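Observations on chain architecture
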Amino acid sequence: MSHNAWQNAHTLYENDTCAQALGIDIIEMDDGYAVVTMTITPQMLNGHKTCHGGQLFSLADTAFAYACNSQG
């Protein structure tokens, strides 16, 4: 596990108001690797009462961004 990856993620997260607002948490970090989670709330559901695709895309996009920026 890279300490720098965690440090870079922490720095990015401090300014990532979108991830914070969505309740996204960083679970694992390493160089080029990120695992994030998000609790689905009732406000994130679509008309079928399943998670809206845009919310899921935001989760995936956040994980990708953190993995891509893990090495600074």
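Rules behind the numbers
Residues numbered from 1 in each chain as written. Predicted model: local features only at pLDDT ≥ 70, side-chain atom pairs only at ≥ 80, totals over all residues. Heavy atoms only, no water. Disulfide = S-S within 2.5 Å. Buried < 20%, exposed > 50% of the residue type's maximum accessible area, 1.4 Å probe, protein only. Core = buried A, V, L, I, M, F, W, Y, C linked by side-chain atoms within 4.5 Å. Helix = DSSP H or I, 4+ residues; strand = E, 2+ residues; numbered from the N terminus. Contact = heavy atoms within 4.5 Å. Expected span 1.5 Å × (residues − 1). Pairing = 2+ DSSP bridges.

What is meant by a disulfide is a covalent connection between two cysteines, made through their sulfur atoms. Taken as a whole and assessed by the stated rule, the structure comprises zero disulfides. Looking at Cys-18, it has no disulfide partner, and the nearest cysteine sulfur is the one in Cys-51, 13 Å off. Residue class for Cys-18 comes out partly exposed when judged on its relative accessible area of 45%. Looking at the unpaired Cys-68, the closest cysteine sulfur is the one in Cys-18, lying at 16 Å.

To continue, consider the nonpolar core. Counting residues in each nonpolar core, the largest one holds eight residues, listed as Ala-19, Leu-22, Ile-24, Val-36, Met-38, Met-44, Leu-59 and Ala-63. Elements with a contribution of two residues or more to this core: α2 (17-22), β2 (33-38) and α3 (53-68). Setting aside residues up to four positions removed in sequence, Ala-19 forms contacts with Tyr-13, Ile-24 and Thr-62.

Attention now moves to α3. Taking 1.5 Å per residue, 16 residues should reach 22 Å; α3 reaches 22 Å between its end C-alpha atoms and fits that length. Contact partners of the buried residues in α3: α1 (3-14), α2, β1 (24-30) and β2.

Okay, the pairing of β1 next. In this structure, β1 lies alongside β2, joined through six bridges in antiparallel fashion. In the strand pairing of β2, Glu-28 is matched with Val-35. The antiparallel pairing of β1 with β2 creates a hairpin that spans two residues between the two strands, and Gly-32 there sits at a positive phi of about 75°.

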